[in-house]
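What follows is each chain in one-letter form.
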Amino acid sequence: MHVFWTKGYSATSVEDLVEATGVNRYGLYDVWESKHGLFVAALEHYHRTVITESIRELEQPGAGLGAIHTVFDRILARTRTGNAQRGCLLCNTAEEVSPFDAESARVVSAFQRRLEQGFTKAIRSAQAAGDVPRDGDPTELGRYLAGLIQGASYLARSPAGPKRIADFVRVGLRVLE
């Protein structure tokens, strides 16, 4: 997963995967049949682990505005680490591989739906609590916030730097005021 996350699908060689896993080429092919099979398994693992950890607050009952801010704070904290330029494996895949590959597109679509649904639920709760204006459509705002996260991930892979990414997110979150 980390090799694909760092290098991308196309730039990752089978030799890179052999070195990272310690499993010989034949072992990799025996279990996953191909580099592509291992890639899809890595995407699914990333979705189950990294994404689940990243958005856990959104999926809690009664999640609201605080959960939204916590998720974005976590994303921004990652832009200040040594691995910041990896961005998000699923967002990277959406750009690099999904337009040409149905299996990776399936995993990316599930990720996007999950983000949108989590944000939509949190918006509804925040509106009910009076923390977010009620005039915004929760579904549209949920989709917007999912896109804001994806945009921040894209910027993380660019030379933008943490300050510019934080400014981008701060301005984007103003829609909730």
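Residues numbered from 1 in each chain as written. Predicted model: local features only at pLDDT ≥ 70, side-chain atom pairs only at ≥ 80, totals over all residues. Heavy atoms only, no water.

Chemist: Would you take a moment to explain the overall build of the chain for this structure?
Modeler: Each helix and strand in the chain was counted, giving 9 helices and 0 strands. The order of helices and strands in the chain, counted from the N terminus, is α-α-α-α-α-α-α-α-α. Here the C-alpha atoms of the chain give a radius of gyration of 18 Å, agreeing with the 16 Å that 2.2 N^0.38 yields for 177 residues. Principal-axis analysis of the C-alpha atoms gives the chain an extent of 60 × 30 × 25 Å. Relative to its 177 residues, the chain shows a buried fraction of 46%. Considering only residue pairs separated by 6 or more positions, the chain has 64% of its internal contacts joining residues 24 or more positions apart. For the chain, the exposed surface amounts to about 9,300 Å²; the carbon and sulfur share of it is 53%. The averaged location of the 21 negative side-chain charges in the chain is 4 Å from the averaged location of its 21 positive side-chain charges. (Helix = DSSP H or I, 4+ residues; strand = E, 2+ residues; numbered from the N terminus. Rg over C-alpha atoms; globule rule 2.2 N^0.38 Å. Buried < 20%, exposed > 50% of the residue type's maximum accessible area, 1.4 Å probe, protein only. Contact = heavy atoms within 4.5 Å. Areas by Shrake-Rupley, 256 points an atom, 1.4 Å probe, with all protein chains shown as cover. Lys, Arg positive; Asp, Glu negative; His and termini not counted. Charge placed at Lys NZ, Arg CZ, Asp CG, Glu CD.)

Chemist: Please explain helix H3 (residues 25-32) as it appears in this structure.
Modeler: One full turn of an α-helix is made of 3.6 residues, so residues set three or four places apart face in the same direction. Measuring from the backbone nitrogen of Tyr26 back to the side-chain oxygen at the start of H3 gives 3.0 Å, which picks out Asn24 as the cap. Where H3 terminates, the next one or two residues include Glu33, which has phi positive at roughly 70°. (Polar contact = N/O pair within 3.5 Å; in protein donor to acceptor, adjacent residues only side chain to side chain.)

Chemist: Looking at this structure, I do not really get the packing of helix H5 (residues 65-78) against helix H7 (residues 102-128). What am I missing?
Modeler: Any two packed helices are characterised by the angle at which their axes cross and by the distance between the axes. It is the contact of H5 with H7, at a shortest axis distance of 8 Å, that shows an interaxial angle of 140°. Comparing their axes, H7 and H5 come out oblique. Contacts between H5 and H7 pair Leu65, Ile68, Val71 and Phe72 from the former with Phe119, Ala122, Ile123 and Ala126 from the latter. Split into classes, the residues belonging to the contact of H5 with H7 amount to 8 nonpolar, no polar and no charged. (Axes fitted to C-alpha atoms, helices over the stretch in contact; angles between N-to-C directions. Parallel < 35°, antiparallel > 145°, perpendicular 65-115°, else oblique. Nonpolar A, V, L, I, M, F, W, Y, C, P; charged D, E, K, R; others polar.)

Chemist: So what exactly am I meant to see when it comes to the layout of surface pockets here?
Modeler: With a probe scaled to a water molecule rolled over the atoms, the places where space remains empty come into view. A volume near 360 Å³ is recorded for the largest pocket. Taken together, the elements giving at least two residues each to the lining of the largest pocket come down to helix H4 (35-54), H5, H7 and helix H8 (138-156). Taken together, the residues that form the lining of the largest pocket break down as 14 nonpolar, 6 polar and 2 charged. Cys91, Asn92, Thr93, Glu95 and Arg157 are, among the 18 residues lining the second largest pocket, the residues nearest its centre. Where the lining of the second largest pocket is concerned, the elements lending two or more residues are helix H1 (2-7), helix H6 (89-96) and H8. Considering each element in turn, the lining of the second largest pocket owes the most residues, 7 residues, to H6. (1 Å grid on protein atoms, 1.4 Å probe; cavity = no way out; pocket = protein on both sides within 12 Å on 5 of 7 lines; lining within 4 Å. Points joined across faces, edges and corners; volume = space filled by probe spheres on them.)

Chemist: Honestly, empty space enclosed by the protein in this entry has me stumped. Any pointers?
Modeler: In total, this model carries 1 cavity of 30 Å³ or more according to the counting rule given. Its boundaries defined by the atoms lining it, the largest cavity holds a volume of some 50 Å³. Listing elements by their share of the lining of the largest cavity, those giving two or more residues are helix H2 (14-21), H3 and H4.

Chemist: Sorry, what's going on with the pattern of salt bridges here?
Modeler: Pairing between side chains of opposite charge can happen when their charged atoms approach one another. Evaluated as defined, the whole model comprises 10 salt bridges. A salt bridge links Glu59 to Arg114, with the nearest nitrogen and oxygen atoms 2.7 Å apart. With Glu59 in the loop between H4 and H5 and Arg114 in helix H7, this residue pair connects regions lying 55 residues apart in the sequence. Residue class for Arg114 comes out buried when judged on its relative accessible area of 18%. In this structure, Lys163 and Asp167 form a salt bridge, with 3.0 Å as the shortest nitrogen-oxygen distance. Placement of both Lys163 and Asp167 in helix H9 (residues 161-173) is noted, with a separation of 4 residues, approximately one turn of the helix. Assessed through its relative accessible area of 25%, Asp167 is described here as partly exposed. (Salt bridge = Lys/Arg side-chain N within 4 Å of Asp/Glu carboxyl O.)

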